[in-house]
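For reference, the chains in residue letters:
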Amino acid sequence: MKRWIQSQEWAIRTCFMLMFLFGIVMSVMVPPWQVPDEETHVVLMGQGICNSALEDVLFQDMELDCYRIKSQPNEKVNVEQWKAAMTRKPGYDWKDCMPKGIRLSAVKHLPALAGMMLGILMHLPTFWVLELAEVFSLAFYVVVCWCAVKLMPVKKELLMLIMVFPMSLQQASSVSYDATLLPLCFLFLSYVICMRCQKEQLHWKEAVLTILLLLVITYIKLPYALLGLLVFLLPKEKIQLQLGKYEINGDVIRRFRIPAGILLILVCGAVLYVVRSNFWVQLMWGMILEWKRSVLLFLTTAEIFHSFLMVSSVGQFGWLESQLPLWFVRFTYLLMIVMAVWGRDRRIPNELKGRAKLFLWIVFAMLSGMIALSMVNHMIMVTLYGTEATTASYNLREALYEIPYIGGIQGRYFIPFLALPFLGLPQKGREVEWKIWIPSIYLVIAMTVTMRVLYFRYWG
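Note that the structure is a prediction, hence the values are computed from the model and not measured.

## Here we look at the layout of surface pockets
Point 1. Reported here for the largest pocket is a volume of approximately 2200 Å³.
Point 2. If you trace the largest pocket, you find 48 residues lining it, with L226, L229, F232, L264 and C268 closest to the centre.
Point 3. Counting only elements with at least two residues in the lining of the largest pocket, the list comes to α12 (178-197), α13 (204-220), α15 (257-274), α16 (279-289), α17 (291-314) and α19 (355-374).
Point 4. The leading source of residues in the lining of the largest pocket is α15, at eight residues.
Point 5. Of the residues in the lining of the largest pocket, the class split is 38 nonpolar, seven polar and three charged.

## As for the packing of helix α10 (residues 156-163) against helix α18 (residues 326-341)
Point 1. Remark: α10 packs on α18, axes separated minimally by 8 Å, with the N-to-C direction vectors making an angle of 155 degrees. The angle between the axes of α10 and α18 places the two elements in the roughly antiparallel class. Contact residues: E157, L158, L161 and I162 in α10; L335, M336, M339 and A340 in α18.
Point 2. When its residues are assigned to classes, the contact of α10 with α18 shows seven nonpolar, no polar and one charged.

## Thoughts on empty space enclosed by the protein
Point 1. Summed over all chains, the structure comprises six cavities of 30 Å³ or more.
Point 2. Lining the largest cavity, in full, are P31, P32, Q34, L64, D65, C66, R68, I69, V77, N78, Q81 and W82.
Point 3. Those elements giving two or more residues to the lining of the largest cavity turn out to be α5 (66-69) and α6 (79-87).
Point 4. Looking at the lining of the largest cavity element by element, the count peaks at three residues for α5.
Point 5. Its residues assigned to classes, the lining of the largest cavity comprises seven nonpolar, three polar and two charged.

## What about the pattern of salt bridges?
Point 1. This structure, assessed with the given rule, holds nine salt bridges.
Point 2. With a shortest N-O distance of 3.5 Å, E9 and R13 are connected by a salt bridge. Taken together, the residues E9 and R13, both in helix α2 (residues 8-29) and four residues apart, mark about one turn of the helix.
Point 3. Judged by its relative accessible area of 40%, R13 falls in the partly exposed class.
Point 4. Note that E9 and K150 form a salt bridge whose closest N and O atoms lie 2.6 Å from each other. Of this pair, E9 sits in helix α2 while K150 sits in helix α9 (residues 126-151), and the two are 141 residues apart along the sequence.
Point 5. The exposure class of K150 is partly exposed, given its relative accessible area of 38%.
Point 6. Salt bridges here are not isolated pairs; linked through shared partners, they connect E9, R13 and K150.

## Side note on a nonpolar patch on the surface
Point 1. Side chains of W204, V208, I211, L212, L215, L243 and Y246 sit close together on the surface and give an oily, nonpolar patch of about 740 Å² of accessible area.
Point 2. A per-element tally of the nonpolar patch places α13 first, with five residues.
Point 3. Relative to the elements of secondary structure, I211 occurs in helix α13.

Definitions and limits used
Residues numbered from 1 in each chain as written. Predicted model: local features only at pLDDT ≥ 70, side-chain atom pairs only at ≥ 80, totals over all residues. Heavy atoms only, no water. 1 Å grid on protein atoms, 1.4 Å probe; cavity = no way out; pocket = protein on both sides within 12 Å on 5 of 7 lines; lining within 4 Å. Points joined across faces, edges and corners; volume = space filled by probe spheres on them. Helix = DSSP H or I, 4+ residues; strand = E, 2+ residues; numbered from the N terminus. Nonpolar A, V, L, I, M, F, W, Y, C, P; charged D, E, K, R; others polar. Axes fitted to C-alpha atoms, helices over the stretch in contact; angles between N-to-C directions. Parallel < 35°, antiparallel > 145°, perpendicular 65-115°, else oblique. Contact = heavy atoms within 4.5 Å. Salt bridge = Lys/Arg side-chain N within 4 Å of Asp/Glu carboxyl O. Buried < 20%, exposed > 50% of the residue type's maximum accessible area, 1.4 Å probe, protein only. Patch = residues over 30% accessible without salt bridge, like charges linked within 9 Å, V, L, I, M, F, W, Y side chains within 5 Å. Areas by Shrake-Rupley, 256 points an atom, 1.4 Å probe, with all protein chains shown as cover.

Spelled out as structure tokens, the structure:
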């Protein structure tokens, strides 16, 4: 019994079996069209397969009274209507839903698309077509997260805890591209830490895989490209890249680091100059010029929304109208701190320490700033014009003084890199093997609380 309790492999398997089980529960308890922007994501899926009619066909075949429920906390699911949708003969023609082509953007929703197309080919009711898409998304999430945990050499429990957040599972069991983005970000982080702590040498295989992962992450959502900065954690002496007769290694990098740094700065400057008319470049430049106002906006936003950001990272469901209690959210973050600082595994060479841990905090701050920056335009447009759906323009430097804070930021935007500051915390005390079971125990408690919240929101 003691050996079973201390078995890391059994603990991880148990956690991931529970993760898949409770992901299914989340998929069922959050009704169709109630996950944020679900309709928009189905539209994007249709664009990915060159079939713009996909969303209209599926939505018209099964609306499930979604506008009555959406953002109306007192409105509940019509159970009879819901049961009928599960068994009703599909009203769509499968030929109208099939791909007319394929675009690169299909990568963002590839697991969900695979499940959806399978359901359509089988001519299932639309309810089960969407459910199958969500199950495929969830399966992708679980498999990739499993790989990430197996690769992670330090603080596995911390990463597993974030993976099983109820908010993470809502997104994982949906047709949102978050079901693809989240596990790939976890995998990228784990792979970089693995290369730093465990790999003896880094060759082209590691370099290519790292670049491919980062390219896919960047293509899905641009701000997360800054995760690429984590490669600077890799020790230079491990790099062994063969180029014909030549080899790029630690000595070469050390010898040419100053001219290479200058060249990199010049290249970045040249790229920024070429794309200087790009809206996002202008937005960033305007905020740099008005840096005092920008800092004030960031600080004010953090002061006003810190509780909301914490809650919406752990569990704020549907169209943000149902949430986990604040006490449970605080307990979750306290548990993350405990997982981060409790027990140091001295068997891990080249573990994260000193400047590496400080660097993790810096990357977290940069990513947080980029997320906030991406919402500045949203806040300005809503404040000045009441909507983003307008072609009106504005003077950015003046508009920064028209908004009191940066609105629209949700805690779930931080989940892909939430582990960084906790990885940067120092570890104390003796490592205990049974700590690996804590994410599973947390998941059972979290889903008990979550199911109660979702039941009274949508069903009770």
